[in-house]
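# Chains, contacts and geometry: an overview
Read off the chains here:
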Amino acid sequence: MVHDVVRQEMRTVLAESTQVPFLDQSAAALLAEARDYYRRANLHTYQVFQWGHEAVLVTWRGDAVNDGLVMLLATMGLRANNEGVALTVPGVAADRLLDAVAKIGGMTDLDPVHVLAAAKNFLREKWDWAMPEELLRKSFASLNLELYEARCFAESFSHMK
């Protein structure tokens, strides 16, 4: 799982133009290409856009926050995918995604038993099979999700719009 700090550092590196002295020629060319795309796509200012039939939310957050957002979006009836620096939501317009993010920002019930009610496949650890369902959901959320941070992201994101 990738931490928030790594994704935020990725954004910082893409936003600047200074050369990285330890990169070989191929790596420097790839970084230049990524920086060019970052600027052309306006990723320094735009975080929500339509990509074909998918709405995309560029979070620049770690996997635990993004996975938390995926689960919270599921409570809104949206099937999102964590794609790393962004979430994709197939078959949804960007406006619908923005509305859902705004609702998540106002959520007060972040109980993992409720949030993960429709989720499946929590068996990740050795003894998970022996846990009661409610405890399994709480354990999964504790180890893999940042529901509170996901809600805080949604709340601050909604205030920026």
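Residues numbered from 1 in each chain as written. Predicted model: local features only at pLDDT ≥ 70, side-chain atom pairs only at ≥ 80, totals over all residues. Heavy atoms only, no water.

Turning to the packing of aromatic side chains, a few remarks are in order. Where two aromatic rings form a pair, the distance of their centres and the angle of their planes describe that pair. Under the counting rule described, the total for this entry stands at four aromatic pairs. Where Phe153 meets Phe157, the ring centres are 5.6 Å apart and the plane angle is 20°; that geometry is what we call stacked. Of this pair, Phe153 and Phe157 both sit in helix H7 (residues 147-160), four residues apart, which is roughly one turn of the helix. Per residue, the accessibility class of Phe153 equals that of Phe157, and both read buried. (Phe/Tyr/Trp six-rings, centres within 6.5 Å; stacked < 30°, edge-to-face > 60°. Helix = DSSP H or I, 4+ residues; strand = E, 2+ residues; numbered from the N terminus. Buried < 20%, exposed > 50% of the residue type's maximum accessible area, 1.4 Å probe, protein only.)

What follows concerns the nonpolar core. Among the nonpolar cores identified, the biggest contains 34 residues, and Leu57, Leu72, Leu73, Leu97 and Leu116 are the most heavily contacted of them. Going through the elements one at a time, strand S2 (54-58), helix H3 (63-74), strand S4 (86-90), helix H4 (94-105), helix H6 (133-144) and H7 are the ones with two or more residues in this core. Among the elements that line this core, the one with the most residues is H3, at six residues. Those residues in contact with Leu57, other than ones at most four positions away along the chain, are Gln47, Val48, Val85, Ala86, Leu87, Leu97, Val101, Phe153 and Phe157. Listed in part, the eight residues of the second largest apolar core include Tyr38, Leu43, Val58 and Ala86. (Core = buried A, V, L, I, M, F, W, Y, C linked by side-chain atoms within 4.5 Å. Contact = heavy atoms within 4.5 Å.)

The next point concerns the sheet that holds strand S1 (residues 48-51). Pairing in this open sheet of four strands is antiparallel, and the strands run S1-S2-S4-S3 from one edge to the other. Across the chains shown, the open sheet's two edge strands, defined by having one partner strand only, are S1 and strand S3 (81-82). The pairing of S3 with S4 spans two bridges and is classified as antiparallel. In the strand pairing of S4, Asn82 is matched with Leu87. (Pairing = 2+ DSSP bridges.)

Turning our eyes to something else, we now look at the environment of Tyr37. If you trace the backbone, Tyr37 turns up in helix H2 (residues 25-40). Judged by its relative accessible area of 37%, Tyr37 falls in the partly exposed class. Note: C-alpha distance between Tyr37 and Met10 (27 residues apart in sequence) is 14 Å. Once residues within four sequence positions are removed from consideration, Tyr37 is found in contact with Leu43 and Trp51.

We now examine empty space enclosed by the protein. One simple way to see leftover space: roll a probe sized like a water molecule over the atoms. Summed over all chains, the structure comprises one cavity of 30 Å³ or more. In this model, the largest cavity occupies a volume close to 30 Å³. Around the largest cavity sit Phe122, Arg124, Glu125, Asp128, Ser139, Phe140, Leu143 and Asn144, which together line it. Class assignment of the residues belonging to the lining of the largest cavity gives a composition of three nonpolar, two polar and three charged. (1 Å grid on protein atoms, 1.4 Å probe; cavity = no way out; pocket = protein on both sides within 12 Å on 5 of 7 lines; lining within 4 Å. Points joined across faces, edges and corners; volume = space filled by probe spheres on them. Nonpolar A, V, L, I, M, F, W, Y, C, P; charged D, E, K, R; others polar.)

So, on to the side chain of Asp4. Position of Asp4 relative to the elements: it lies in helix H1 (residues 4-15). Residue classification places Asp4 among the buried positions, given a relative accessible area of 15%. Within the local environment of Asp4, its side chain forms a polar contact with the side chain of Arg61, the two groups lying 2.6 Å apart. Excluding residues that lie within four positions of it along the chain, Asp4 makes contacts with Trp60, Arg61, Gly62 and Val65. (Polar contact = N/O pair within 3.5 Å; in protein donor to acceptor, adjacent residues only side chain to side chain.)

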